[in-house]
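For reference, the chains in residue letters:
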Amino acid sequence: MLPQVVQDALNKQINMELSSSYAYLGMSAYCELNNFLGSATWMQVQSQEEQGHAMKLYNFLIARGCKVKLEALPAPPGEFASIPHVFECALEQEHAVSESINDLYELAHNERAFAALVELQWFITEQVEEEKSVREIVAKFKMLKDDPSAMLDLDRELGARQPDPA
Ligand code: MG
């Protein structure tokens with residue numbers, strides 16, 4: 001049986017992934033209202049991915065015969081200074097998720113929860129990708145320095161994002 005402390009931490013991580021999904025949905029709404037439709041699409045795809053991350057942990061807990069405990073989600077911020085600022089917030093959020101996954105991995109290791117460790121390895125690899133892709137977008141917006149036509153080109157590029165075949 002998975003140690004209770006690991007079960008609790010996995011349930012907490014489910015909440016964090018769902019909160020992250022919820023936050024990306026709020027970011028998508030902000031982008032769309034500000035006519036950055038490509039950025040809005042990118043955020044919606046990301047929101048769905050986060051939902052998928054939560055489901056991966058949910059399915060793992062059930063496969064181990066453990067209880068899934070769903071908690072309330074905090075309201076995400078709805079206001080941002082600008083479109084580039086939205087992506088900066090996204091990057092901060094991904095850093096926080098990476099840190100949480102690392103803590104969870106350390107806990108599972110200390111508790112000798114080896115099946116959980118294998119499951120969490122996927123998340124560690126995934127966070128490297130998540131941080132990289134958002135960091136690149138933040139860097140691109142910085143290079144554009146509010147040039148409207150370049151911003152719209154970048155927005156179009158972001159709108160081409162397709163959901164990952166999970
Ligand atoms: Mg995630």
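Refer to the structure presented above.
Cut-off values and rules
- Residues numbered from 1 in each chain as written.
- Predicted model: local features only at pLDDT ≥ 70, side-chain atom pairs only at ≥ 80, totals over all residues.
- Heavy atoms only, no water.
- Helix = DSSP H or I, 4+ residues; strand = E, 2+ residues; numbered from the N terminus.
- Rg over C-alpha atoms; globule rule 2.2 N^0.38 Å.
- Buried < 20%, exposed > 50% of the residue type's maximum accessible area, 1.4 Å probe, protein only.
- Axes fitted to C-alpha atoms, helices over the stretch in contact; angles between N-to-C directions.
- Parallel < 35°, antiparallel > 145°, perpendicular 65-115°, else oblique.
- Left-handed = near helix turned anticlockwise from the far one by under 90°.
- Nonpolar A, V, L, I, M, F, W, Y, C, P; charged D, E, K, R; others polar.
- Donors = N, O, S within 2.8 Å, 3.2 Å for Na, K, Ca; no water.
- Salt bridge = Lys/Arg side-chain N within 4 Å of Asp/Glu carboxyl O.
- Phe/Tyr/Trp six-rings, centres within 6.5 Å; stacked < 30°, edge-to-face > 60°.
- Lys NZ or Arg CZ within 6 Å of the ring centre and 35° of its normal.
- Contact = heavy atoms within 4.5 Å.

Honestly, the overall build of the chain in this entry has me stumped. Any pointers?
Scanning the chain from N- to C-terminus turns up five helices and zero strands. By the compact-globule yardstick of 15 Å for 166 residues, the chain fits well, its C-alpha radius of gyration being 17 Å. In terms of overall dimensions, the chain has a C-alpha envelope of 55 × 25 × 25 Å along the principal axes. When each of the 166 residues of the chain is scored for burial, the buried share is 43%.

I tried to follow unusual backbone geometry on my own but got confused; where do I start?
One can expect most non-glycine residues to show negative phi and most peptide bonds to be in trans. In this structure, Asn35 is a non-glycine residue whose phi angle is positive, near 65°. What makes Asn35 exposed here is its relative accessible area of 58%. Located in the positive-phi region is Asp146, a residue other than glycine, with phi close to 65°. With respect to the secondary-structure elements, Asp146 resides in the loop between helix H4 (114–144) and helix H5 (148–159). Note on Asp146: relative accessible area 60%, which makes it exposed.

Just checking my understanding: could you explain the packing of helix H3 (residues 83–110) against H4 for this structure?
Between two packed helices, the angle of one axis relative to the other and the distance separating the axes together describe the packing. Packing of H3 against H4 leaves a shortest axis separation of 9 Å and a crossing angle of 160°. The angle between H3 and H4 places the two elements in the roughly antiparallel class. Handedness of the crossing formed by H3 with H4: left-handed. Here the contact of H3 with H4 is composed, by residue class, of 19 nonpolar, six polar and five charged.

Got a minute to help me understand the coordination of the magnesium ion in this structure?
When four donors bind a metal tetrahedrally, each ideal donor-metal-donor angle is 109.5 degrees, and when six bind octahedrally, the ideal angles are 90 or 180 degrees. Coordination of the magnesium ion by the protein involves Glu17 (OE), Glu50 (OE) and His53 (ND1), with metal-donor separations of 2.1 to 2.2 Å. Mapped onto the sequence, the donors of the magnesium ion take the spacing E-x32-E-x2-H. Here Glu17 is found in helix H1 (residues 4–33), whereas its partner Glu50 is found in helix H2 (residues 37–63), with 33 residues between them in sequence. Given the relative accessible area of 0%, Glu17 is considered buried. With a relative accessible area of 0%, Glu50 lands in the buried category.

Got a minute to help me understand the pattern of salt bridges in this structure?
Think of it this way: side chains of opposite charge can pair up when their charged atoms draw near. Considering all chains together, one arrives at six salt bridges under this definition. Between Glu157 and Lys140 there is a salt bridge whose closest N-O contact spans 2.8 Å. Residue Glu157 is located in helix H5, and its partner Lys140 is located in helix H4; the two are separated by 17 residues in the primary sequence. By relative accessible area, Glu157 is classed as partly exposed at 47%. Asp153 is the salt-bridge partner of Arg156, the closest N and O atoms lying 3.2 Å from each other.

Can you help me understand the packing of aromatic side chains in this one?
Each pair of aromatic rings is reported with the distance of its centres and the angle of its planes. This structure, assessed with the given rule, holds four aromatic pairs. The rings of Trp42, Phe87 and Phe141 are connected pair by pair, giving a single aromatic cluster. Note that Lys56 overlies the ring of Trp122, its terminal NZ or CZ placed 4.7 Å from the centroid. Lying across the ring of Trp42, Arg161 places its NZ or CZ 4.5 Å from the centre.

Looking at this model, I keep getting lost on the packing of H2 against H5. Mind explaining?
Put simply, H2 and H5 touch, their axes get as near as 7 Å, and they point 30° apart. Our classification of the angle between H2 and H5 gives roughly parallel. At the point where H2 passes H5, the crossing takes the left-handed sense. In this structure, H2 contributes Leu37, Gly38, Ser39, Thr41 and Trp42 to the contact, and H5 contributes Asp155, Leu158 and Gly159. Per-class residue counts for the contact of H2 with H5 are three nonpolar, four polar and one charged.

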